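Structure at a glance
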Amino acid sequence: MTASNWLHEQFEPTGSAIGFRIVRKLDEVQSPFQKIEIYESTDWGNVMLIDGAMMVTTRDNFFYHEMMSHPALFTHPDPKNVVIIGGGDCGTLREVLRHPGVETAVQCDIDEQVTRMAEKYFPELCESNADPRARILFDDGIAYMANCAPASLDVVIVDSTDPVGPAEGLFNKAFFESCFRALKDDGILVQQSESPLALLELIGEMRAEMGKAGFTSFQTLPFPQPCYPTGWWSCTLARKSGGFEFREADADAMPFATKYYSAGIHKGAQVLPPFVAQALRAG
C-alpha cells in the first residue's frame, strides 16, 4: 500500500502498521507462490515485500539474520551440518557460513524468485552463496525435512515468513517431528517466532507443538527488528535434552565481525521480561 511517497504495511493481527518513505518501486515478480516487490527507500536502503508484508531492508536485516544463526551455533558444542528451511534472501546462510567449523549448510526455500531478487537487490546478503560448503535448493522444505536421514544434522534453522500461505506447515507438530528425527541428540532447532509483544500466544502455541514432537527444552530470545510488526521480534530454540548454556568464550572471541550479536547480547537476551517469562511458563 502506498500513500504519496510512503510505503505502508498494515498488520491486521496486531492492529498496527509500519511505513517507510520511498523513492521508487524497483521491481515486482509474481512467482507461483507469492508476490515479491522491491522498493528503494530514502533512509532504509532497498525494501523487500512478500505478499505485502515487509521482509528485509538493507539497513536493519542484520538483527534478524545474526540472531537466527549465532545463538544456536554458539550454543551447540560443535556445529558441522546445518540446514536452513526458507531463508531465500540468503542472509542467514551468510551468517551460518561465517563459522569456520561448519562443514555443510543446505538452504531449502520453495521460491527461487526470492533468491533471484536478493541476488539483484541485496547482493551483500548473497556473498556466501558460492561458498563450497553451501548448497542452495529450491524445493518444499517440509518434504526436505521429512526425507532427511535420522540423526544427521546439528542445527536446523526455520527462517520462514509468517505462518500463513507457503509457510503455514512450518509451525506444526508434524514438521517439528521431522526436525526432531533429523537432529542428532545434541542438535538444536531454531524457529523465527514472531513478536513477543503482540503475538505472544503464538509463541506459546509453537513451543507446545515442539513439545508434542519430542523436544523438551526451549529458549525464546527477543531482539529488535524495526521493519517487522511492533519492531520487536524473537527466535525460539528447542533441544531434545539439556539446557542453553552457550560457548561464551568462543562467542567473545569470534573470528568475524557482527553488527548486533555478541556474547553480551546473547547473555542479555536470555533474560526475558517478566510478562513474557510468565506467559511462556503458564503455557
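Report follows, based on the coordinates. (Residues numbered from 1 in each chain as written. Predicted model: local features only at pLDDT ≥ 70, side-chain atom pairs only at ≥ 80, totals over all residues. Heavy atoms only, no water.)

1. With respect to the layout of surface pockets
Rules: The method works on a 1 Å grid over the protein atoms by themselves. A cavity is a set of points holding a 1.4 Å probe that cannot get out, a pocket is an open set with protein on both sides within 12 Å along at least five of seven lines, and residues with an atom within 4 Å of a point line them. Grid points are joined across faces, edges and corners, and a volume is the space filled by probe spheres set on the points. Under this grouping Gly is polar, as are all residues other than the nonpolar Ala, Val, Leu, Ile, Met, Phe, Trp, Tyr, Cys and Pro and the charged Asp, Glu, Lys and Arg.
Quantified by volume, the second largest pocket comes out at close to 190 Å³. The wall of the second largest pocket is formed by 13 residues, among which Phe74, His99, Pro100, Gly101 and Arg247 lie closest to the centre. Split by residue class, the lining of the second largest pocket holds 8 nonpolar, 2 polar and 3 charged.

2. A few points about the sheet that holds strand S9 (residues 134-138)
Across a sheet, strands are paired by hydrogen bonds formed along the backbone, either parallel or antiparallel in direction. Here is the rule we go by: Pairing between strands requires that DSSP locate at least two bridges from one strand to the other. Think of it this way: any DSSP run of H or I at least four residues long counts as a helix, any run of E at least two long counts as a strand, and we number them from the N terminus. To obtain each axis, a line is fitted to C-alpha atoms, and for helices this fit is confined to the stretch in contact; angles are then taken between N-to-C directions over 0 to 180 degrees.
Strand order in the open sheet made by the 7 strands is S9-S8-S7-S10-S11-S13-S12, with mixed pairing throughout. The two strands at the open ends of the sheet, each matched to only one other strand, are S9 and strand S12 (217-224). Neighbour-to-neighbour, the strand axes of this sheet turn through a mean angle of 15°, independent of strand direction. Pairing between strand S10 (residues 153-159) and strand S11 (residues 183-192): 5 bridges, direction parallel. Looking at the pairing, Val155 lines up with Ile188 of S11.

3. Details of unusual backbone geometry
For clarity, the cut-off: Each residue is assigned to one of three classes by its accessible area relative to the maximum for its type, calculated with a 1.4 Å probe on protein chains only: buried under 20%, partly exposed between the two thresholds, exposed over 50%.
Backbone geometry places Cys90, a non-glycine residue, at a positive phi of 75°. Relative to the helices and strands, Cys90 is located in the loop between strand S7 (81-86) and helix H2 (91-96). The class of Cys90 is buried, set by a relative accessible area of 0%. Phi at Thr230 is positive, roughly 75°, even though this residue is not glycine. In this structure, Thr230 sits in the loop between S12 and strand S13 (232-239). With relative accessibility at 35%, the residue Thr230 sits in the partly exposed group.

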